[in-house]
Amino acid sequence: MHFSDILIRWYSKYKRELPWRNTTSPYHIWLSEIILQQTKVAQGLDYYNKFIDQYPTIEDLANETEDNVLKLWQGLGYYSRARNLHTTAKVISTELNGTFPVTYDEIIKLKGIGAYTAAAISSFCFGEKKAVVDGNVYRVLSRYFGINTPIDSTIGKKEFQELAQECLSIENPGEYNQAIMEFGALQCTPNPNCEVCPLREPCNAYENSMVKALPVKEKKIKVKDRYFNFIVIGDNESFYIQKREAKDIWQNLYQFPLNESKKEVVSPFELKDSILNQAVFLRVSEQFKHLLSHQRIYAKFWEFNLAEMSPLKGFKKIKKRNIQEFAVPRLIQKYLESVKN
DNA sequence: GATCCGTGGCA
DNA sequence: TTGCCAAGGAT
C-alpha cells in the first residue's frame, strides 16, 4: 500500500473528534488554524469554542474592538495572531464583500496567513492540491525518508516543501494533509512508540536507529534576561494601568506602569518615575520568574499608595475590580491572583 | 534571512 | 531546573 494510503487509513481509524473537523466552513477552519499555530490542541480547544460562541461569523468578529478580541485571546500567547485575525476579518468584511477567498494564492495574501495556513485552508475547504508543511510533517517525512537536512534552514524548508508536495494524495489532498499531521501528533511523536507504527517496516529512521535524532535543527535560540518593575499605584479603589504599544512582547495588552532595569531592583528608592511623586511605598511582591521562548523576565510588583489620583497622560485610571475587563499578560494575571487572597 | 513573538506540558 | 517542543508568521 502507498505511503499516503497508509496514512489516510490510519487517520480514519485513530483521528480525534474535534469541533473543526467535519466542516468545510473557511471561517471555522481559518480560526482553528490560527489558534493551533505553535499551540497544542489541548491548549487551544477552549479558545476555539469561546471564539465561535462569541463570534459566530466573520462579520461578528470584524465588528468587535481589538481590545475585546485580545481579551478573549488572553493567556494563549503570540498575540499578533489575534491582532492579525481581527485585521483580516475586517478586510474580508469591508473589502472582500464578506466572502473568504477560495484559492491558495488569494488566501496567502491575508495577514497572519503563511504557506502552511494557506495550504491547510485551501485543501481542507476547497480541495486544492497544496501540501501542508508543519512541525508534524517535518518529523514524519524526515524520519520516513531518512533526511537530515536541518528543517530550520532555507534549503531544508525548500526540500521538505517539495517532498511533501510529491507525497500529497491527488485524490484527496485535504484528507491526506490532515492525516499526516494527526499521524505526527499522535503516532510519530518526538518520543514515539515505533512498535505499533504502520509505517515501521519501510521507515528509514527506524531501520537505521535514527528516529530520536530526526528531524535535525541547527539553530538554538538565545534567551535574554529582563528585569521588570511594575508600579502598582493608586488609592483604595483605583490604580493606573497602561497599554503596551511598543514593538515588543505583549503588544496592545495592558499592564501596570513599568520601570525596566538592567539588573534586579531591591529598594523602592531605586525606582525613578515621576508617577511616584508624593506616593507612599507600601510593599513589594515576591519576585516572579516568567519564561518566554526568547526571554527570562524577573518581575517585581511595587505597591504604592497615592492620596490624589489626578489624570495622567499615557495612563488609564481604573477601578481595581475592573482590571478583569482588560487583556493582560499571564505574568500580570498571576500577580493579580496572588494578591486576591 | 536570522530573529522575534507566549504559554504550558513534559522528560 | 533546564531544555525542548507545539497545526507558523512577520519583519
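Draft legend 1. The side chain of Arg143, seen in detail. Topologically, Arg143 is positioned in helix H9 (residues 135–144). Asp134 provides the closest opposite charge to the buried, salt-bridge-free Arg143, at an N-O distance of 12 Å. A polar contact is formed between the side chain of Arg143 and the backbone oxygen of Val211, at a distance of 3.0 Å. Leave out the neighbours within four places in its chain, and Arg143 touches Cys188, Thr189, Pro190, Pro192, Cys203, Asn204, Ala205, Val211 and Leu214.

Draft legend 2. Representation of the nonpolar core. Ranked by size, the top nonpolar core spans 97 residues in total, and within it Phe3, Trp30, Phe256 and Phe301 carry the most contacts. There are two domains that each give this core at least three residues, and those are domain 1 (3–213) and domain 2 (224–339). Ignoring any residue separated from it by four or fewer positions in sequence, one finds Trp30 in contact with Ile58, Leu61, Leu85, Thr88, Ala89, Phe100, Ile113 and Ile121. Within the second largest apolar cluster, eleven residues are counted, among which are Val265, Ile275, Trp302 and Phe304.

Draft legend 3. Quick look at the protein's contact with DNA strand C. Neighbouring DNA strand C are 27 residues, the closest being Leu36, Gly112, Asp134, Asn136 and Arg139. Close to the protein, within 4 Å, the atoms of DNA strand C are drawn from sugar and phosphate at a rate of 67%. Taking Tyr116, its main chain carries an N or O atom lying 3.3 Å from a phosphate oxygen of DNA strand C. With respect to DNA strand C, the side chain of Asp134 contributes an N or O atom lying 2.7 Å from a sugar or linking oxygen.

Draft legend 4. Representation of the protein's contact with DNA strand B. As a matter of local geometry, DNA strand B sits amid 23 residues, with Ile249, Trp250, His290, Gln295 and Arg330 nearest to it. Among the atoms of DNA strand B lying within 4 Å of the protein, the sugar-phosphate backbone contributes 57%. In the environment of DNA strand B, a phosphate oxygen lies 2.6 Å from a nitrogen or oxygen atom belonging to the side chain of Arg330. Those elements that provide at least two residues to the surface near DNA strand B are strand S6 (288–291) and helix H13 (330–339). Broken down by class, the residue content of the surface near DNA strand B amounts to eight nonpolar, nine polar and six charged.

Draft legend 5. The packing of aromatic side chains, seen in detail. On inspection of all chains with the given rule, the structure shows 25 aromatic pairs. Seen from their ring centres, Phe301 and Tyr335 are 3.9 Å apart, and the 5° between their planes marks the pair as stacked. Of this pair, Phe301 sits in strand S7 (residues 295–305) while Tyr335 is found in helix H13, placing the two residues 34 residues apart along the sequence. With a relative accessible area of 0%, Phe301 lands in the buried category. What links up through ring pairs into an aromatic cluster is the set Phe228, Phe230, Phe239, Trp250, Phe256, Phe288, Phe301 and Tyr335. In this arrangement the basic side chain of Lys50 is found over the ring face of Tyr47, its NZ or CZ atom lying 4.3 Å from the centre.

The rules behind these values
Residues numbered from 1 in each chain as written. Chains lettered and ligands numbered in written order. Predicted model: local features only at pLDDT ≥ 70, side-chain atom pairs only at ≥ 80, totals over all residues. Heavy atoms only, no water. Helix = DSSP H or I, 4+ residues; strand = E, 2+ residues; numbered from the N terminus. Buried < 20%, exposed > 50% of the residue type's maximum accessible area, 1.4 Å probe, protein only. Lys, Arg positive; Asp, Glu negative; His and termini not counted. Salt bridge = Lys/Arg side-chain N within 4 Å of Asp/Glu carboxyl O. Polar contact = N/O pair within 3.5 Å; in protein donor to acceptor, adjacent residues only side chain to side chain. Contact = heavy atoms within 4.5 Å. Core = buried A, V, L, I, M, F, W, Y, C linked by side-chain atoms within 4.5 Å. Domains from an automatic or database assignment. Near = heavy atom within 4 Å. Nonpolar A, V, L, I, M, F, W, Y, C, P; charged D, E, K, R; others polar. Phe/Tyr/Trp six-rings, centres within 6.5 Å; stacked < 30°, edge-to-face > 60°. Lys NZ or Arg CZ within 6 Å of the ring centre and 35° of its normal.

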